[in-house]
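An overview of the molecular structure
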Amino acid sequence: MATRQGRAAREFNIAADSYETLFAALFITSCTVDNIEQSTGYSDSEPADRPTAQFILRTLYTNGAIAYSRSMGLWLPFAEAGARNVYGVADNYTLSGANGYTFVRPRADIVPFLANPHGRAIADIVRIRCKKLADFDGAIGQNLDAVKDMSILLTDNQNLSVRLMRADAARRRGEGFAVVNRGENSFGDVTLLTTGAEYKIDKLLADRRAVYEETLHLVNVYTPVEKGERLIVNEVSTNNAETAANGNVLLRTFNGIAEQYDVPFRIRRLNAPTTGDSEQADEDKETPVAGQEVANAGEFEEGGK
């Protein structure tokens with residue numbers, strides 16, 4: 001029993017981890033960061049490694065924030081350090097890189113980019129949904145096992161039982177003919193072993209799909225095309241609006257901070273709506289107003305322009 005429970009737990013964790021990897025990849029590839037090639041090196045002899053848009057977006061997704069150092073040209077996860085001013089903003093920031101690299105920079109040198117006004121990791125809410133999807137997969141597997149029937153042959157002849165088992169194994173391998181010596185006894189009675197369980201897989205799949213699509217909307221992926229002609233225009237627009245609203249939180253927050261600090265970096269959406277949603281197209285083209293659209297961005301004004 002312990003072994004079976006352990007195996008089930010491992011399969012659940014593998015399923016949840018696989019979903020997390022999938023949704024993270026979808027989020028990271030749904031947008032790009034423009035103008036990051038304009039980051040400067042922190043010295044002529046030792047230039048900073050050039051970040052990729054995927055690294056920046058992955059850090060925003062998993063950490064909820066990433067810091068850009070003007071003098072060093074580095075994009076790294078950060079933590080606040082030192083004394084705080086009246087608004088609770090720290091004097092210094094500690095940037096953390098791979099292989100134990102850390103850099104302490106003053107607030108004036110740092111542009112703290114956030115994934116949302118609260119700086120919370122998008123991955124946290126997606127992780128909860130991934131566990132729910134893994135639960136659905138497990139329930140579907142359990143229901144599939146529960147509804148399986150089995151044919152049983154009842155006989156008092158032990159030797160005949162063995163021969164019939166071998167013949168059935170041959171049948172499962174694809175062989176089409178077998179000879180079984182019945183002897184003095186008949187084959188016996190054939191009966192059916194069934195649990196009488198209700199088939200619920202269709203309902204489970206529908207509910208699982210709903211959670212899956214809602215999670216896709218969280219990571220900025222449009223889904224109406226998957227249902228084709230069954231969706232009316234209003235349903236398509238509603239689904240697009242939900243996805244766009246989630247994506248616009250990232251765009252408005254990041255781009256608003258960039259504008260306030262007078263740096264050229266901008267996040268741009270790569271996947272367009274699947275239908276002609278002109279209002280959303282206009283929304284994506286809007287230029288955020290610094291200090292108004294982005295909550296908390298004003299807290300870092302001393303480090304800005």
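An account of the accompanying structure is given in this report. Once a new chain begins, its residue numbering starts again from 1 and follows that chain's sequence as written. The predicted nature of this model means local features are confined to residues of pLDDT at least 70 and side-chain atom pairs, given and counted, to a pLDDT of 80 or more, with totals for whole chains, interfaces and linings taken over all residues. Calculation of side-chain values draws on the structure's entire complement of heavy atoms; hydrogens and water are dropped beforehand.

Here we come to the sheet that holds strand S4 (residues 78-84). Any two strands with at least two DSSP-identified bridges between them are counted as paired. Helix and strand assignments come from DSSP, with helices taken as H or I runs of at least 4 residues and strands as E runs of at least 2, each series counted from the N terminus. Strands sit in the order S4-S5-S6 across an open sheet of 3 strands; the sheet is antiparallel. Across the chains shown, the open sheet's two edge strands, defined by having one partner strand only, are S4 and strand S6 (102-106). Here the average twist between neighbouring strands, direction ignored, is 25 degrees. As judged from the 5 bridges shared by S4 and strand S5 (residues 90-96), these two strands associate in the antiparallel manner. Paired with Ala-81 across the two strands is Asn-92, which belongs to S5. Axes, fitted as lines to C-alpha atoms, cover a helix only where it is in contact. Angles between the N-to-C directions of the axes lie from 0 to 180 degrees.

The next thing to look at is unusual backbone geometry. For Asn-99, which is not glycine, the phi dihedral falls at a positive 60 degrees. Note that Asn-99 resides in the loop between S5 and S6. According to the relative accessible area criterion, Asn-99 is exposed, its value standing at 75%. We note that Asp-262 has phi near 60 degrees; this positive angle belongs to a residue other than glycine. Three labels apply to residues, based on accessible area from a 1.4 Å probe with only protein chains included: buried if under 20% of the type maximum, exposed if over 50%, partly exposed otherwise in between.

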